[in-house]
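What follows is the residue order along each chain.
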Amino acid sequence: DLYLSLGDAIYGDYDGETTFEVTPDSLRTDWGELASSPDWQQLVSNVPVMATWDNHDYGHHSAGEEFELKKVSKEIFLDFFGEPADSERRQRPGIYDTEIRGPEGRRVQIILRDTRTFKSPPRLAERPEGAGGSLGKYAPNDDPSATLLGEAQWKWLEVQLRHPAEICLIASSGQVVADQKGMDEWGNYPLERRRMFDLIESTGAEGFILLSGNVHFAEISMTDEGPYPLYDFTSSGLTHVNEEYPLAPNRYRIAGPFVDLNFGLVEIDWDNGVIILRAVGLDGTTAAEHAVRLNELHGRGASP
């Protein structure tokens, strides 16, 4: 019914061996190569697509709000995905987006967050090379002024979460629940991560499932830090994986890891009140799976 592209659809700053500085022309060239792919053409001619970006299709592996090409990168990105010229998305900074699909009683709200345009610089970890535990190079940044989404996007998100829907699929390029890897994740901004959980509770939003990518393997995580169990379904990646990354700790993991080419499948069984999360290998085999009952995804003490 819908394909969600959650980032790194191209590697605009990396050729598989070395990183390099991007230009508007090099970004257009890389997006053009994807557009010319027969597989991509077949997908978009048959399935609606919603998309956000991560670092490599934004234009730089560590870039955030300071990225000098962010405006032109945005225009190239939106042009590629066919965003109308007069859309609200084109008029404001960032590429965050939302849509509600389905009739009343079976409404699914899809929210795509932008974790690049407004992102404050990360804090680098001070750990000896080869030290155990976290594999990434970042440490938690607990500066109250540090942000992932920026105030405008946070205010927009609060409005969206107050719209009625039975299920909310809220997606970002990086993981929200798993927070120990030291990679490009919400755990690097613990106050923003906590703010996300608090916002779910304060808005009364229900039916929440988090979707993420980025880490080059698949897993499903769950935390009780919100008003009800919050599941983060991570599928990554379609073209390459990394066998080291799953070795990083994740105290929230309930399924996986699956370290092979994969995509994520969210199936909603309305009649039985179940959301099935599946990491699927490219041969169609389910590699990791978890079923979530809809009546789990309500505030503490609320009626299902």
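Structure report, in brief. (Residues numbered from 1 in each chain as written. Predicted model: local features only at pLDDT ≥ 70, side-chain atom pairs only at ≥ 80, totals over all residues. Heavy atoms only, no water.)

Examining the overall build of the protein chain
On a plain count of helices and strands, the protein chain comes out with 7 helices and 14 strands. The C-alpha radius of gyration computed for the protein chain amounts to 19 Å, which stays within 12% of the reference 19 Å derived for 304 residues, consistent with globular compactness. If you line up the protein chain on its principal axes, its C-alpha atoms span 55 × 50 × 45 Å. Counting all 304 residues of the protein chain, 50% fall into the buried class. Long-range contacts, defined as pairs at least 24 residues apart, comprise 65% of the intrachain contacts of the protein chain with a sequence gap of at least 6. Looking at the protein chain as shown, the accessible area adds up to about 14100 Å², and 49% of this sits on carbon and sulfur atoms. For the protein chain, the centre of its 27 positive side-chain charges and the centre of its 51 negative side-chain charges are spaced 6 Å apart. (Helix = DSSP H or I, 4+ residues; strand = E, 2+ residues; numbered from the N terminus. Rg over C-alpha atoms; globule rule 2.2 N^0.38 Å. Buried < 20%, exposed > 50% of the residue type's maximum accessible area, 1.4 Å probe, protein only. Contact = heavy atoms within 4.5 Å. Areas by Shrake-Rupley, 256 points an atom, 1.4 Å probe, with all protein chains shown as cover. Lys, Arg positive; Asp, Glu negative; His and termini not counted. Charge placed at Lys NZ, Arg CZ, Asp CG, Glu CD.)

Notes on empty space enclosed by the protein
For the structure shown, the criterion picks out 2 cavities of 30 Å³ or more. The computed volume of the largest cavity comes to approximately 70 Å³. Around the largest cavity, the lining residues are Asp54, Thr115, Arg116, Lys119, Leu148, Ser173, Gly174, Asp184, Glu185, Trp186, Tyr189 and Asn214. Broken down by class, the residue content of the lining of the largest cavity amounts to 3 nonpolar, 4 polar and 5 charged. (1 Å grid on protein atoms, 1.4 Å probe; cavity = no way out; pocket = protein on both sides within 12 Å on 5 of 7 lines; lining within 4 Å. Points joined across faces, edges and corners; volume = space filled by probe spheres on them. Nonpolar A, V, L, I, M, F, W, Y, C, P; charged D, E, K, R; others polar.)

Points about the packing of aromatic side chains
What the rule picks out here adds up to 14 aromatic pairs. On the basis of an interplanar angle of 50° and a centroid distance of 5.0 Å, the ring pair of Tyr58 and Phe67 is categorised as tilted. Summarising the aromatic geometry, the rings of Tyr96 and Phe118 are spaced 6.4 Å apart at their centres and angled 45° between planes, so their arrangement reads as tilted. With Tyr96 in the loop between α5 (88-91) and β3 (97-101) and Phe118 in the loop between β4 (108-112) and β5 (123-124), this residue pair connects regions lying 22 residues apart in the sequence. An aromatic cluster of at least three residues, connected via ring pairs, comprises Trp31, Trp40, Trp53, Tyr58, Phe67, Phe77, Phe80 and Phe81. (Phe/Tyr/Trp six-rings, centres within 6.5 Å; stacked < 30°, edge-to-face > 60°.)

Regarding the packing of helix α1 (residues 24-35) against helix α4 (residues 70-80)
When two helices pack together, their arrangement is given by the angle between the helix axes and the distance between those axes. Two elements in contact, α1 and α4, have axes separated by 10 Å at closest approach and are oriented at 15°. Classified by the angle between their axes, α1 and α4 sit roughly parallel to one another. In this structure, α1 crosses over α4, and the sense of that crossing is right-handed. Facing α1, whose interface residues are Pro24, Leu27, Arg28, Trp31, Leu34 and Ala35, α4 presents Val72, Ser73, Ile76, Phe77 and Phe80. Tallied by class, residues from the contact of α1 with α4 come to 9 nonpolar, 1 polar and 1 charged. (Axes fitted to C-alpha atoms, helices over the stretch in contact; angles between N-to-C directions. Parallel < 35°, antiparallel > 145°, perpendicular 65-115°, else oblique. Left-handed = near helix turned anticlockwise from the far one by under 90°.)

Overview of the layout of surface pockets
Its volume calculated, the largest pocket comes out at about 1600 Å³. Lining of the largest pocket is provided by 45 residues; of these, Tyr3, Leu4, Ser5, Leu238 and Phe263 occupy positions nearest its centre. With 7 residues, the top contributor of residues to the lining of the largest pocket is strand β12 (residues 262-269). The class makeup of the residues in the lining of the largest pocket is 22 nonpolar, 16 polar and 7 charged.

Describing the side chain of Arg113
By the secondary structure assignment, Arg113 is in the loop between β4 and β5. It is Asp232 that comes nearest to the buried, bridge-free Arg113 among opposite-charge side chains, at 7.0 Å. There is a polar contact of 3.4 Å between the side chain of Arg113 and the side chain of Ser172. When neighbours within four sequence positions are excluded, Arg113 is seen to be in contact with Thr52, Tyr96, Leu149, Gln153, Leu157, Ile170, Ala171, Ser172, Val176, Trp186, Met196 and Leu210. (Salt bridge = Lys/Arg side-chain N within 4 Å of Asp/Glu carboxyl O. Polar contact = N/O pair within 3.5 Å; in protein donor to acceptor, adjacent residues only side chain to side chain.)

Examining the nonpolar core
Ranked by size, the top nonpolar core spans 49 residues in total, and within it Leu157, Leu161, Ile170, Met196, Phe208, Ile209 and Ile275 carry the most contacts. Here this core gets 5 residues from one element, more than from any other, and that element is strand β7 (residues 167-171). Setting aside chain neighbours within four positions, we find Ile275 in contact with Ile167, Ile209, Val266, Glu267, His290, Ala291, Val292, Leu294 and Leu297. Residues Leu27, Ala51, Trp53 and Ala63 belong to the second largest nonpolar core, which totals 17 residues. (Core = buried A, V, L, I, M, F, W, Y, C linked by side-chain atoms within 4.5 Å.)

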